[in-house]
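Chain residues, written in single-letter form:
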Amino acid sequence: MTGWGKSRGAITDGLSQPVGPAPRPPRPLRRHRRGDGRVALIFIAPILVGFAVFYLYPTVRGLWWSFTDFSLIGQANFVGLDNYAAALRDFEFWNSMRVTLCYVILNVGSQTVLALLLATLMHRLTRSVILRTTLLLPWLVPNVTVGLVWLWLLDADLGFVNRLLGSMDLGPVGFFTNPSLGIMTVSLVNTWAYTGYNALLLYAGMLQIPPDLYESAAIDGAGEWKLFSRITLPLLRPVLALVLVVSLIGSFQIFDTVAVTTKGGPVNATRVIYYYIYQQAFTYFHLGYAATMAILLVLVLGVLTFVQLRLLRASESQLA
Amino acid sequence: MNTKTLTKTLGLAVLGGLIAATGACSGSAGAGSDGQVTIQYWLWDDAQLPAYQQCADDFTQANPDITIQITQTAWTQYWTNLATQIAANAAPDVWVDHVSYYPQFVADKQIEDLQPYIDQDPGSLDFDQYVSNLAELWQVGDIRYGLPKDWDTIGLIVNRQAAADAGLTADDLANLTWNPTDGGSFEQAIAKLTIDQAGHRGDDPDFDKSKVAVYGFLPEWADGSQGQNLWGNLASSNGFTYADQNPFGTQFYYDSPALAATIDWMAELSNKGYAPQLDVQSSLSRLDVLKAGSGAMTSIGSFNQMLYQDTPDDYIFAPLPTGPQGRMSAINGLSNAMYAGGQHKDQAWQWIEYLASPACQDVVGDTGVIFPAVQEASDRSVAARAEVGLDAAIFLAYLDQPSGTFLIPIAEHGGEISQIIQDAIQSVGLHQTDAQTALTTANARVNALFN
């Protein structure tokens, strides 16, 4: 899952924004000085150059390729909307979208619920720094390593887990090789890897909630569940919305775990959309068609993000 | 410090940083100014690296103005890396080529025709020295897209102790027969090698197929469109032909009943408990499972035999079983190809010619790791394996008989065909459908790629 680093800057935005309208914005104290703009430009130049070279240019080029029959090597010929029509007819494309959606629902669902639980426990029970650091450990392990470790642990024949099940006269279970379990296993492996990180984000959000709210509610006789459902959850909403959107986008980009563990199989049971795009681009050398599917994915993600932010009213907060 | 100076300083710092960063990332390559030329050579097998480094050193000694730089990349990344390097006009001058991938590069005109170089100095290359017409794999009409590097066939590897316990001798295993109906003596041997947790063997009426301790056979289900590791060989010995012609067939016969019967037999092997069901088969390599003792027999490529150089007495190697049409194995040849966009083609040709010559192939053969394309170097490889106690003759047995080997199919759209056929065959392994139905649909999809 890429794109996680981006969330750090964004999370503070989510928190600082809802402080609400100050009574009257003070007049800017600074007088306008020549040269400030240029200094500012230099300060943001590295990121701007990086953005242009590594995001803007590839995106524009990808968009162009999606209208061509580019094969990675050789000439790109304009083919109009042929690729888009082909994608809509390609049942492997729809299968990949379906598999990815299953993955996202399982992964984001389990990950968010667990992270919320962990964050609440950290917030209400202990504030141990060691515990918090420990939670982050799985997130620090490179994804390929995570995939390999679980591949070995869960292997149907030589895996530790199946040996354990075998000693209890159960199994063997083909965690990665059974077509109906494969995508669930991949989801839960990534839930294991990312729950700690998400819990930490939510915990940071919870720290922004004024403690006196909890104190006064406790005086009024509210129990832990009531505190959680009436105070924590509503006041956490902007942060939760952000975590959800970032998880969702990151989750759609699932690739590495699949590439390491199942390679999309058995048959096409775990062929998620990124893996299929990769195959089209670098195994079949249909870069134009791969670009088309990538563009379609961008559209889907854009709509989903928009809907999600609207539903969760992410830019408003009751803390005002 | 005033604003202007600050701006300048910062600007320079940023610029300097960027330049330093990009400079540190880019590699160094190409020719020096003093006529020194560096030829980039790519291969994927780490086991072969020492032998080819030796060749490179010998070559540079004879040609002091040419240095060979070898890059080894694992198979899984090799083709992606190569394709992106070609797209960036920075491909290696010479690379090890595989029949599954070269049609795409040919279609994109990225491989240099070697015939003009050969014609410059006719007679310097003896094409009769290569095993079994290997040179023809890379020939399309009058164009030659590579010179033969090495070749391989497939055999069986059996746990020696398991075979002894099952009452099977090396001689029994060398003379197995197979047919898709009852599996022949091959299936009987597999049954004998299978043991359930109570100690009953697969041919015992008390055998409990739900509690198997050791599987008699470990089939390969992720075997692309070629089935090089098992089904392709069995199906071919049952009369199956992949396509209308090879190389570069355009009409495929994956819907052939001869193939469907073979795949159904494989799926049936799992149903009888003689092989793991596909959905609970280990994701690790079959050779790992064999080593762990949960399987007693599987197929093995000749290129993997030297993995057992330290434990030659633990395993028996045997040729594949004889099918209804005889004993057959896929033969696969590799070549060295020249990049059409290279800067130093003459020097690259010298290196390719040296790689294909007995001088280098003997060096490679003496390591025993692979069978070089030159017949005499192959014999040296067999001798090197015999020295560590490994019987490599079984891999050569197919060459002596007429139509004992068949070439694995070479076609455009290789990547897609591979996935389509593998998916179809796996769906049979998962008992989602029967082989004839799955393969008929898949074959239609494959043939549609060529319309």
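Keep in mind it's a predicted model, so treat the numbers as computed, not measured. (Residues numbered from 1 in each chain as written. Chains lettered and ligands numbered in written order. Predicted model: local features only at pLDDT ≥ 70, side-chain atom pairs only at ≥ 80, totals over all residues. Heavy atoms only, no water.)

The next thing to look at is the domain arrangement of chain B. Residues and elements named next belong to chain B. Each domain of chain B was delimited in the assignment, giving domain 1 (37-152 + 333-387) and domain 2 (154-329 + 401-448). Placing a centre on the C-alpha atoms of domain 1 and another on those of domain 2 gives a separation of 31 Å. With 16 residues of domain 1 at the interface, the matching set in domain 2 holds 15 residues. Here domain 1 and domain 2 share an interface that buries about 1300 Å² over both sides, 63% of which is from carbon and sulfur atoms. The three residues of domain 1 that bury the most area against domain 2 are P103, D152 and R385, which together make up 38% of that side's buried surface. Across the domain 1-domain 2 interface, the total number found is zero salt bridges. Counting across the domain 1 and domain 2 interface gives four residue pairs in polar contact (both at pLDDT 80 or more). Looking at the side of domain 1 that touches domain 2, the elements that each hand over two or more residues are α4 (102-107) and β6 (147-152). Per-element tally for the side of domain 1 that touches domain 2: the top contributor is α4, with three residues. (Domains from an automatic or database assignment. Contact = heavy atoms within 4.5 Å. Buried area = accessible area lost by both parts, 1.4 Å probe. Salt bridge = Lys/Arg side-chain N within 4 Å of Asp/Glu carboxyl O. Polar contact = N/O pair within 3.5 Å; in protein donor to acceptor, adjacent residues only side chain to side chain. Helix = DSSP H or I, 4+ residues; strand = E, 2+ residues; numbered from the N terminus.)

Attention shifts here to empty space enclosed by the protein. Residue and element names in this part refer to chain B. According to the stated counting rule, one finds one cavity of 30 Å³ or more in the structure shown. When its volume is computed, the largest cavity comes out at roughly 30 Å³. The wall of the largest cavity is formed by L43, W44, D45, Q48, V96, K149 and L334. Among the residues making up the lining of the largest cavity, the classes are represented as four nonpolar, one polar and two charged. (1 Å grid on protein atoms, 1.4 Å probe; cavity = no way out; pocket = protein on both sides within 12 Å on 5 of 7 lines; lining within 4 Å. Points joined across faces, edges and corners; volume = space filled by probe spheres on them. Nonpolar A, V, L, I, M, F, W, Y, C, P; charged D, E, K, R; others polar.)

Membership of the largest hydrophobic core comes to 188 residues, with the highest contact counts inside it found for Y41, Y52, W95 and W351 of chain B. Looking at this core, the element that brings in the most residues is helix α13 (residues 287-311) of chain A, giving nine residues. Not counting residues within four places of it along the chain, the set of residues in contact with Y52 of chain B comprises Y41, L43, I70, K149, W351, L355, C360, V364 and I370 of chain B. In this structure, A115, F228, L240 and V243 of chain A belong to the second largest nonpolar core, which totals 17 residues. (Core = buried A, V, L, I, M, F, W, Y, C linked by side-chain atoms within 4.5 Å. Buried < 20%, exposed > 50% of the residue type's maximum accessible area, 1.4 Å probe, protein only.)

So, about the confidence of the model for chain B. Averaged over all residues, the pLDDT of chain B equals 89, while 92% of them reach at least 70. This model gives residues 22-33 of chain B a pLDDT under 50, and the stretch forms four contacts once residues within four places in sequence are excluded. (pLDDT = per-residue confidence, 0-100.)

It is worth spelling out the interface of chain A and chain B at this point. Contacts between the two partners involve 36 residues from chain A, matched on the other side by 36 residues from chain B. Here chain A packs against chain B, burying approximately 3100 Å² in sum over the two surfaces, 67% of which is carbon and sulfur. Of all residues in chain A, I42, I73 and V267 of chain A bury the most surface against chain B, accounting for 20% of the area lost on that side. There are one salt bridge connecting chain A and chain B. Notably, a salt bridge pairs R271 of chain A with D423 of chain B, separated by 3.0 Å at the nearest N-O pair. Counting the contacts that link chain A with chain B gives eight residue pairs in polar contact (both at pLDDT 80 or more).

Residue and element names in this part refer to chain A. Quantified by volume, the second largest pocket comes out at close to 1300 Å³. Lining the second largest pocket are 32 residues, with P58, T59, Y274, A294 and V298 sitting closest to its centre. Looking at the lining of the second largest pocket, the elements with two or more residues in it are α2 (36-65), α12 (273-283) and α13. For the lining of the second largest pocket, the element with the most residues is α2, which contributes eleven residues. For the lining of the second largest pocket, the residue count by class is 23 nonpolar, seven polar and two charged.

Residue and element names in this part refer to chain B. Inspection of every chain in the model, using the stated rule, returns one disulfide over all chains. A disulfide bridge connects C55 with C360, and the sulfur atoms are separated by 2.2 Å. Residues C55 and C360 are joined by a disulfide whose S-S torsion is about 95°; by sign, that bridge is right-handed. Within this pair, whereas C55 is found in helix α2 (residues 49-62), its partner C360 is found in helix α13 (residues 358-367), the two being separated by 305 residues in sequence. Given a relative accessible area of 0%, C55 falls into the buried group. A residue is classified by how much of its surface remains accessible, and C360, at 0% relative accessible area, is buried. (Disulfide = S-S within 2.5 Å.)

A few words now on the side chain of D155 of chain A. Along the polypeptide, D155 of chain A turns up in the loop between α6 (143-153) and α7 (160-167). Of the side chains with opposite charge, R163 of chain A lies nearest to the buried D155 of chain A, which makes no salt bridge, at 7.3 Å. Contacts of D155 of chain A, omitting those with residues within four sequence positions, involve N162 of chain A together with S282, S283 and L284 of chain B. (Lys, Arg positive; Asp, Glu negative; His and termini not counted.)

The next thing to look at is the packing of aromatic side chains. Applying the stated rule across the entire model yields 48 aromatic pairs over all chains. With centroids separated by 4.2 Å and ring planes inclined at 10°, the aromatic side chains of W139 of chain A and Y197 of chain A adopt a geometry described as stacked. With W139 of chain A in helix α5 (residues 129-140) and Y197 of chain A in helix α8 (residues 182-207), this residue pair connects regions lying 58 residues apart in the sequence. Arranged with centres 5.8 Å apart and planes meeting at 35°, the rings of W225 of chain A and F228 of chain A form a pair that is tilted. With a gap of three residues between them, W225 of chain A and F228 of chain A both fall in helix α10 (residues 224-252), about one helical turn apart. Members of the aromatic cluster, each reached through a chain of ring pairs, are F285 of chain A together with W42, W44, W75, Y78, W79, W95, Y101, F105 and Y339 of chain B. (Phe/Tyr/Trp six-rings, centres within 6.5 Å; stacked < 30°, edge-to-face > 60°.)

To continue, consider the sheet that holds strand β10 (residues 297-301) of chain B. Residue and element names in this part refer to chain B. Spatial ordering of the open sheet is given by β10-β7-β11, a layout of three strands whose pairing is antiparallel. Only two strands of the sheet have a single neighbouring strand rather than two, namely β10 and β11 (315-319). The average angle at which neighbouring strand axes cross in this sheet is 35°, direction not considered. Each of β7 (154-159), β10 and β11 touches helix α15 (residues 393-400); the most contacted strand, β7, lies at about 145° to it. (Pairing = 2+ DSSP bridges. Axes fitted to C-alpha atoms, helices over the stretch in contact; angles between N-to-C directions.)

All names here are of chain A. With respect to the helices and strands, L114 occurs in helix α4 (residues 91-124). Under the relative-accessibility criterion, L114 is labelled partly exposed at 40%. Between the alpha carbons of L114 and L296 there is a distance of 31 Å; along the sequence they are 182 residues apart.

Our next topic: α13 of chain B. Owing to its 3.6 residues per turn, the α-helix aligns residues three or four sequence positions apart on the same side. Residues and elements named next belong to chain B. Burial in α13 covers these residues: C360, Q361, D362, V364 and G365. On its buried side, α13 packs onto α2, β6, α12 (345-355), β15 (371-372) and α14 (375-387). Two residues or fewer past α13, G368 is found with a positive phi of approximately 75°.

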